[in-house]
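# Tertiary structure, described
Listed here are the chains, written in short residue letters.
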Amino acid sequence: MPDVSLENISKTYNKGKTIALRDISFSIEKGELFGLIGPDGAGKTSLFRILTTLLLPDAGKATVNGYDVVQQYREIRKRVGYMPGKFSLYQDLSVEENLNFFATVFNTTVKENYNLIQDIYVQIAPFKNRPAGKLSGGMKQKLALCCALIHRPEVLFLDEPTTGVDTVSRKDFWQMLQKLKAEGITILVSTPYMDEASLCERIALIQNGSIMSIDTPQQIIQMYPDPLFAIRAENMSTLLADLRQLQLLKSVYSFGDYHHITFVQNQENSPQELVQQLAQAQHLQLEIKPITPGIEDCFIYLMTQQNESQRNGN
Amino acid sequence: MSPKETVISVQHLTKKFGDFFAVYNISFEVYKGEIFGFLGANGAGKTTAIRMLCGLSVPTSGVAQVAGFDVYKDTEKIKANIGYMSQKFSLYEDLTVLENIRFFGGIYGLSGKKLQAQTTNLLEKLALAPHKNKLVASLPLGWKQKLAFSIAIIHEPVIVFLDEPTGGVDPITRRQFWDLIYEAADRGITVFVTTHYMDEAEYCHRVSMMVDGKIAALDTPAHLKNQYKVASMDDVFYQLARAAQRTE
């Protein structure tokens, strides 16, 4: 039986005028590390709030750990840990007081489950007497995770735990999640950073309240429909402008030190034809090579598909 | 970009809070029309440095000129010659698009025909004319961020400071946002930008990396990758930030 299951969940705000979630269905297995990938406003937080029983869906059915989010919300609240996107601990209680408070609320003690949080807590222990409101961003994040774990939840919900966090702390955080997964905890984590998708077992790409794709990161990448090429030259912004003028290209997007392109009709000699067409522009150190798409390439492709079908009124 | 005209000049700039050196003895220059990436781990001192450069915080020691003005004495002149935008502070949600443009345009010293012309210009470029009377709160995040950036440069400042301007926006909007940045830089506006997206570090002409209050590296992305013998800016960042002693 899946540990988290959603069937046709919808949610609107402003008396139906703002659509937050459209007909969402998926499930997460016990012990799975599942990622919800999408930008701000995609509907990630609404989904978290429904699953943690803080918000009622307009329609649909959802269960967590076998319990219904509407009928059996009390059971769910005992069994889940939730780290909201916005820092929600008591700012004027110390690190230690916050942790003790959450342990007590869940009828347990810090001592009982200390082994689960030990790796994380030792990093903030030097500041245990400091009010939570006076901690740095990275420290707040670690304390919030400790508080969400202190009752050893069956399912852990993490809403954008790495937003605004630098790349070093982000890598550390994902290592912590792998350890928690090894403890058998089911984890649903959301992120706007596409490069974190590959760290999840399965992901759902979400945009405008709809799930665009759901699978393992490898499968999603395999479903990318066109051969993808990376191209660069000495002057990248001129190259970008030139590429956008070319009729034979289907898509052109900048990706750091390369631009990623696809052809309207991909043929064996397409790259050579492109180089010929660019000849007049005299780009220095022009380089073009086939590449494997990343999750961000897939997300952009699916977004353009979604935009097109919405324009066509489907 | 040649000959290079210096628009930000920093020498031995230091900021101390009590016994703590938030920024320690940093020196660098930024040139006209340059996109300058100002990177660093959380707590490395970026925000403190930006606040000094914007005339919002008095340095403990050192020398700095921004747009030709002194960061100790001419803070009001600095504010009039720069633009600023961050993910957290951008626009007034309960004012309309048009009201926000007029309000900030006025704050930045525009009025009359000049303000009118810039307003029309801006609405047209962002295709926001049909939505000019909508509350900013009702706009999608991506539109808000693009509007906020355009408003931050409505007075054609010498330099615009962007503090994590693309946090949380979708990948297509993020690229459209960088198109706006390039366009501004091509017009001669210097762009001073912080970001946590390492692909965006590649879009900068030069990048500096702050570690423990100091500038640990400063060069073009290509040179930095060469120097640290790695394939991506993410790896450059990782190597440098890993060496940090400070725990925020």
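Look up a bit, the structure's there.
Our next topic: the interface of chain B and chain A. Listed per partner, the contact involves 29 residues of chain B and 33 residues of chain A. Buried area between chain B and chain A, summed over both chains or domains, comes out near 2,500 Å², and the portion from carbon and sulfur atoms is 54%. The interface formed by chain B and chain A includes six salt bridges. Here Glu296(A) and Arg175(B) are joined by a salt bridge, their closest N and O atoms 3.0 Å apart. If you look at where chain B meets chain A, you find twelve residue pairs in polar contact (both at pLDDT 80 or more). For the side of chain B that touches chain A, the elements supplying multiple residues, two or more each, are α6 (171-186), α7 (198-202) and α9 (233-242) of chain B. With six residues, α6(B) is the largest single contributor of residues to the side of chain B that touches chain A. When its residues are assigned to classes, the side of chain B that touches chain A shows twelve nonpolar, six polar and eleven charged.

For the rest of this paragraph, the subject is the packing of aromatic side chains. Tallied over the full model, the rule gives 21 aromatic pairs over all chains. Considering the side-chain rings of Phe101(A) and Phe102(A), the 5.4 Å spacing of their centres and the 90° angle between planes classify their relative orientation as edge-to-face. Judged by centre distance (5.0 Å) and plane angle (55°), the ring pair of Phe161(B) and Phe192(B) falls under tilted. Pair noted here: Phe161(B) is in strand β7 (residues 159-163) and Phe192(B) is in strand β8 (residues 190-194), with a separation of 31 residues, a long-range link. Accessibility assignment for this pair places Phe161(B) and Phe192(B) in one class, buried.

What follows covers the packing of helix α3 (residues 97-107) of chain B against helix α4 (residues 112-125) of chain B. Residues and elements named next belong to chain B. The N-to-C vectors of α3 and α4 enclose an angle of 135°; their axes lie 11 Å apart at closest approach. As summarised for this structure, α3 and α4 are arranged oblique, according to the angle between their axes. The two elements α3 and α4 meet at a crossing, and its hand is right-handed. Counted together, Val-97, Leu-98, Ile-101, Arg-102 and Gly-105 of α3 and Leu-115, Gln-116, Thr-119, Leu-122 and Leu-123 of α4 form the full contact between these two elements. Residue composition of the contact of α3 with α4, by class: six nonpolar, three polar and one charged.

Moving on: the sheet that holds strand β2 (residues 20-31) of chain B. Residue and element names in this part refer to chain B. One open sheet accounts for four strands, arranged β2-β1-β4-β5; its pairing is antiparallel. Edge positions in the open sheet fall to β2 and β5 (69-70), since each of these has one partner strand only. On top of the sheet, helix α1 (residues 46-53) reaches β1 (6-17), β2 and β4 (61-66); it is set at about 120° to β1, its chief contact.

This part takes up the state of the cysteines. Residues and elements named next belong to chain A. Evaluation of the coordinates by the stated rule reveals zero disulfides over all chains. As a non-bridged cysteine, Cys-147 has Cys-146 as the owner of its nearest cysteine sulfur, 6.8 Å distant. Residue Cys-200 stays outside any disulfide, its sulfur separated by 14 Å from that of Cys-298, the closest cysteine.

Here the focus is the pairing of strand β10 (residues 210-215) of chain A. Residue and element names in this part refer to chain A. Examined bridge by bridge, strand β9 (residues 202-207) and β10 share five bridges and lie antiparallel to one another. Counterpart to Ile-206 in the pairing with β10 is Ile-211. Adjacent in sequence and paired antiparallel, β9 and β10 are bridged by two residues, among which Asn-208 carries a positive phi angle near 55°.

A few words on the pairing of strand β4 (residues 59-64) of chain A. All names here are of chain A. Across five bridges, strand β1 (residues 4-13) lies against β4 in antiparallel orientation. Note on β4: the bridge partner recorded for Ser-5 is Thr-63. Bridge count for β4 against strand β5 (residues 67-68) is two bridges, and the pairing is antiparallel. Looking at β5, one finds that Thr-63 is bridged to Asp-68. With antiparallel pairing between neighbouring strands as the criterion, β4 and β5 make up a hairpin whose turn holds two residues, including Asn-65 at a positive phi of roughly 55°.

Side chains of residues three or four places apart in an α-helix project in the same direction, reflecting 3.6 residues per turn. With six of eight residues buried, α1(B) lies mostly within the body of the structure. Burial in α1(B) covers these residues: Lys46(B), Thr48(B), Ala49(B), Ile50(B), Met52(B) and Leu53(B).

Note on placement: Thr48(B) falls in helix α1. If we ignore the near neighbours within four places in the chain, the residues touching Thr48(B) are Lys15(B), Phe17(B), Ala22(B) and Val23(B).

A few words on the side chain of Asp68(A). Residues and elements named next belong to chain A. Looking at the element boundaries, Asp-68 is found in strand β5. Assessed through its relative accessible area of 12%, Asp-68 is described here as buried. Looking at Asp-68, its side chain comes within polar contact range of the main-chain nitrogen of Val-70, at 2.8 Å. One polar contact links the side chain of Asp-68 to the main-chain amide nitrogen of Gln-71, over a distance of 2.9 Å. Residues contacting Asp-68, with those up to four places away along its chain left out, are Lys-61, Ala-62, Thr-63, Tyr-73 and Ile-76.

Conventions and cut-offs
Residues numbered from 1 in each chain as written. Chains lettered and ligands numbered in written order. Predicted model: local features only at pLDDT ≥ 70, side-chain atom pairs only at ≥ 80, totals over all residues. Heavy atoms only, no water. Contact = heavy atoms within 4.5 Å. Buried area = accessible area lost by both parts, 1.4 Å probe. Salt bridge = Lys/Arg side-chain N within 4 Å of Asp/Glu carboxyl O. Polar contact = N/O pair within 3.5 Å; in protein donor to acceptor, adjacent residues only side chain to side chain. Helix = DSSP H or I, 4+ residues; strand = E, 2+ residues; numbered from the N terminus. Nonpolar A, V, L, I, M, F, W, Y, C, P; charged D, E, K, R; others polar. Phe/Tyr/Trp six-rings, centres within 6.5 Å; stacked < 30°, edge-to-face > 60°. Buried < 20%, exposed > 50% of the residue type's maximum accessible area, 1.4 Å probe, protein only. Axes fitted to C-alpha atoms, helices over the stretch in contact; angles between N-to-C directions. Parallel < 35°, antiparallel > 145°, perpendicular 65-115°, else oblique. Left-handed = near helix turned anticlockwise from the far one by under 90°. Pairing = 2+ DSSP bridges. Disulfide = S-S within 2.5 Å.

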